[in-house]
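Read off the chains here:
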Amino acid sequence: MIGLISATAAGAAARDRLAAAWPERTRVYEGPVGDAVRAAFAQCEQVVCFLATGAVVRLIAPLLGDKTSDPGVVCVDESGRFAVSLVGGHGGGANELAREVGELLGALPVVTTATDAVDVPGLDTLGLPVEGAVAAVSRALLDGEPVALDAEVSWPLPPLPVAEAGAYTIRVTDRDIQPGAQDVLLRPPTLVVGVGASKGAPVDEVLDLIGTALREAGLSARSVGQLATVDAKSEEPGIVAAAERLGVPLVTYAAEELAGVEVPNPSAAPLAAVGTPSVAEAAALAGGGELLVPKRKSAAVPAMATCAVVRRPGRGRLAVVGLGPGARDLLTPRAKAELRRAAVLVGLDQYVDQIRDLLRPGTRILESGLGAEEERARTAVAEARAGRAVALIGSGDAGVYAMASPALAEASHDIDVVGVPGVTAALAAGAVLGAPLGHDHVSISLSDLHTPWEVIERRVRAAAEADLVVTFYNPRSRGRDWQLPKALAILAEHREPRTPVGVVRNASRADESSRLTTLGVLDPAWVDMMTVVTVGNTATREIAGRMVTPRGYRWQEDPR
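Residues numbered from 1 in each chain as written. Predicted model: local features only at pLDDT ≥ 70, side-chain atom pairs only at ≥ 80, totals over all residues. Heavy atoms only, no water.

(A) Looking closely at the packing of aromatic side chains. Counted according to the given criterion, the structure contains 2 aromatic pairs. Looking at Arg-25, its charged tip hangs above the ring of Trp-22, at a distance of 4.3 Å from the centre. (Phe/Tyr/Trp six-rings, centres within 6.5 Å; stacked < 30°, edge-to-face > 60°. Lys NZ or Arg CZ within 6 Å of the ring centre and 35° of its normal.)

Right, dumping it as structure tokens:
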């Protein structure tokens, strides 16, 4: 929850804008400012004060405890010009909150955290438990001192300015070790604990068993990523509560699936009870990995719980990112975040040039030219399989005539894949033209480089007969100048010459151009590969110079 506090009418107006925009995230604190600040500081994860920073500093100074538990505090000045991240920039999320508040109120976010200022990822912002000399190692990174990265287990990290050796070390490990005076330990969630339990097994017995197993194996409890068991135990109170206390998800498998997992210690008891010769080992191994702790029983008499521990290999991460049609303000915030998260960027050279300035220093860029789509797809997947954080970029939406389909055809279950949608050329062109896609529509590429013309023609005829609005991608090039006239002729068999047609070139870019014409007048010479052509259906009309396809609402009059 975000506490909102103001002292003046101007501050209250901005406060209320924030409260109206985020009704589920915010709570307004009324009354004397000092009392309100103290209450919000104690009750909320974050606080936004519409007050002078000096006043807020004096009010919260006695309340500050530890940066890992204090709420993030953002100050917004009376005129709404600045949103200042005051305390809790990383741990309390104040830096990101200042950016969100700034975007909503039109204020400039002021972030002074050193790592943010020089665009180095904060070690406490990587989404992993962190231990050790965070401040000292962060300062070494900022000062350009050599910091070594020792990845005992692989995990996808953003680009970090690390060296092969140095006085300081960032160690990525799931082992139960203590950091040195100049070390930081990052704890990736590589461990899966398989758990079996008799009916009514106490949660303390389950937790004691897990803790002992991890400790004796030299493994860190902070690297436990999930508990796993059989479906029949999905609501067993002791197992459910153990997962809750550890703060990890509980994953369950059908007995039939676990029965097919090869384990070193099968038993007749679980086979009779739940239908599989192994619960703990099989559940831990069901997702693959290395068995580090074979099945062991709890110390209670009689023992009511069993566990096993598996280390799963670090999974690389592939983000397939749509960059939109070209305009920077049509690049989504999620796409920007994924670009900054990636240690490796793979893309067409001209698309890389569009967003090169958004990448963090140290991002490895693998770019290639037109015609190398298959190579880029394979490269991106291979980099992710090596355990890295990879972004594969494409124009528009990466899943529409772009890189998502060839990349996912190469990918398998051994990497995590994230799709980031983008604004397509058809949508950008539609917005320029008016509302041509207001009813059912279809996009068809006229390029026969990957699809035989016979197939393309069949699809155009089907769209014509179905009276769908049609957007043509790749409509015409120097070497392909007859496909567009042929496609338009097929549509003309089912649509009148006065059918509206929109032609948009470089939609959303600085040299954007457009024209609204008709099926009978359109000259294919107006069109090239940078153009999107949208042909209306029999209901599409030109209204006030705009192309509109009615949705057919009953309350609307016939636009004709």
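(B) Structural detail: the pairing of strand S18 (residues 364-368). Across 5 bridges, the pairing between strand S17 (residues 344-348) and S18 is parallel. Bridge pairing in S18 places Leu-345 opposite Ile-365. The handedness of the S17 to S18 crossover, carried by helix H13 (residues 349-355), is right-handed. (Pairing = 2+ DSSP bridges. Helix = DSSP H or I, 4+ residues; strand = E, 2+ residues; numbered from the N terminus. Right-handed = clockwise from strand over helix to strand, strands pointing away.)

(C) Representation of the side chain of Ser-6 within the structure. Assignment of secondary structure puts Ser-6 in strand S1 (residues 2-6). A distance of 3.1 Å separates the side chain of Ser-6 from the side chain of Arg-15, its partner in a polar contact. Apart from residues lying up to four places away in sequence, Ser-6 is in contact with Gly-11, Ala-12, Arg-15, Val-33, Phe-50 and Leu-51. (Polar contact = N/O pair within 3.5 Å; in protein donor to acceptor, adjacent residues only side chain to side chain. Contact = heavy atoms within 4.5 Å.)

(D) Molecular detail of the packing of helix H17 (residues 453-465) against helix H18 (residues 483-492). Relative orientation of the contacting elements H17 and H18 amounts to 30 degrees, with a least axis distance of 9 Å. By the angle between their directions, the pair H17 and H18 is classed as roughly parallel. Here the hand of the crossing between H17 and H18 comes out right-handed. Residue-level contacts link Trp-453, Glu-457, Val-460, Arg-461 and Ala-464 of H17 to Gln-483, Lys-486, Ala-487, Ile-490 and Leu-491 of H18. Per-class residue counts for the contact of H17 with H18 are 6 nonpolar, 1 polar and 3 charged. (Axes fitted to C-alpha atoms, helices over the stretch in contact; angles between N-to-C directions. Parallel < 35°, antiparallel > 145°, perpendicular 65-115°, else oblique. Left-handed = near helix turned anticlockwise from the far one by under 90°. Nonpolar A, V, L, I, M, F, W, Y, C, P; charged D, E, K, R; others polar.)

(E) Region of the structure containing the nonpolar core. Within the largest apolar cluster, 24 residues are counted, with the highest numbers of intra-cluster contacts made by Val-193, Val-195, Ile-210, Leu-214, Val-224, Leu-227 and Val-309. Contributing elements (two or more residues each) for this core: strand S11 (191-197), helix H7 (203-216), strand S12 (224-230), helix H8 (237-246) and strand S15 (305-311). At 7 residues, H7 tops the list of elements feeding residues into this core. Setting aside its immediate chain neighbours within four residues, Val-309 contacts Leu-191, Val-192, Val-193, Leu-214, Leu-219, Glu-290, Leu-291, Leu-292 and Val-293. (Core = buried A, V, L, I, M, F, W, Y, C linked by side-chain atoms within 4.5 Å. Buried < 20%, exposed > 50% of the residue type's maximum accessible area, 1.4 Å probe, protein only.)

(F) View of the pattern of salt bridges. On inspection of all chains with the given rule, the structure shows 31 salt bridges. Across the salt bridge formed by Glu-338 and Arg-317, the nearest N and O atoms sit 2.7 Å from each other. Of the two residues, Glu-338 sits in helix H12 (residues 333-341) while Arg-317 sits in strand S16 (residues 316-322), which places them 21 residues apart along the sequence. The same class applies to Glu-338 as to Arg-317, namely buried. For the salt bridge of Arg-328 with Asp-357, the shortest nitrogen-to-oxygen distance reads 2.9 Å. Remark: Asp-357 occurs in the loop between H13 and S18 and Arg-328 occurs in the loop between S16 and H12; sequence separation between them is 29 residues. Given the relative accessible area of 56%, Asp-357 is considered exposed. Three or more residues joined by partner-sharing salt bridges are found here, namely Asp-150, Glu-152, Arg-171, Arg-175 and Asp-183. (Salt bridge = Lys/Arg side-chain N within 4 Å of Asp/Glu carboxyl O.)

(G) Spotlight on the pairing of strand S23 (residues 469-473). Most of S23 sits inside the fold, with 5 of its 5 residues counted as buried. Burial along S23 is two-sided: Val-469, Thr-471 and Tyr-473 and Val-470 and Phe-472, pointing in opposite directions, are all buried. Where strand S22 (residues 441-445) meets S23, 5 bridges bridge the pair, whose relative direction is parallel. Across the sheet, the residue bridging to Ser-445 is Tyr-473, located in S23. With H17 bridging S22 and its parallel neighbour S23, the resulting β-α-β unit is right-handed. Sheet topology note: the S23/strand S26 (residues 531-535) ladder contains 3 bridges and is antiparallel. Within S26, the position partnered with Val-470 by the bridge is Val-535.

(H) Representation of the sheet that holds strand S21 (residues 434-435) in the model. Strand order in this open sheet of 3 strands is S21-S28-S27, and the pairing throughout is mixed. The two strands at the open ends of the sheet, each matched to only one other strand, are S21 and strand S27 (541-543). With 3 bridges joining them, S27 and strand S28 (residues 546-548) adopt antiparallel strand pairing. The residue of S28 that forms the bridge with Ile-543 is Arg-546.

(I) View of unusual backbone geometry. With omega at -5 degrees, the peptide bond leading from Val-301 into Pro-302 counts as cis. Relative to the helices and strands, Pro-302 resides in the loop between strand S14 (290-297) and S15. Not every positive phi belongs to a glycine, and Ser-508 is a case in point at roughly 80 degrees. Relative to the assigned elements, Ser-508 resides in the loop between strand S24 (500-505) and strand S25 (513-518). Residues other than glycine seldom take positive phi values, yet Ala-544 does so here, at roughly 55 degrees. Looking at the secondary structure, you find Ala-544 in the loop between S27 and S28. With relative accessibility at 66%, the residue Ala-544 sits in the exposed group.

(J) Just the packing of H7 against H8, in detail. One way to put it is that H7 packs onto H8 with a least axis distance of 8 Å and a crossing angle of 55 degrees. Comparing their axes, H8 and H7 come out oblique. Of the two possible hands of crossing, H7 and H8 adopt the one that is right-handed. Packed against H7, whose contacting residues are Val-203, Asp-204, Val-206, Leu-207 and Ile-210, the element H8 presents Gly-238, Ala-241, Ala-242, Arg-245 and Leu-246 at the interface. Partitioning the contact of H7 with H8 into residue classes produces 7 nonpolar, 1 polar and 2 charged.

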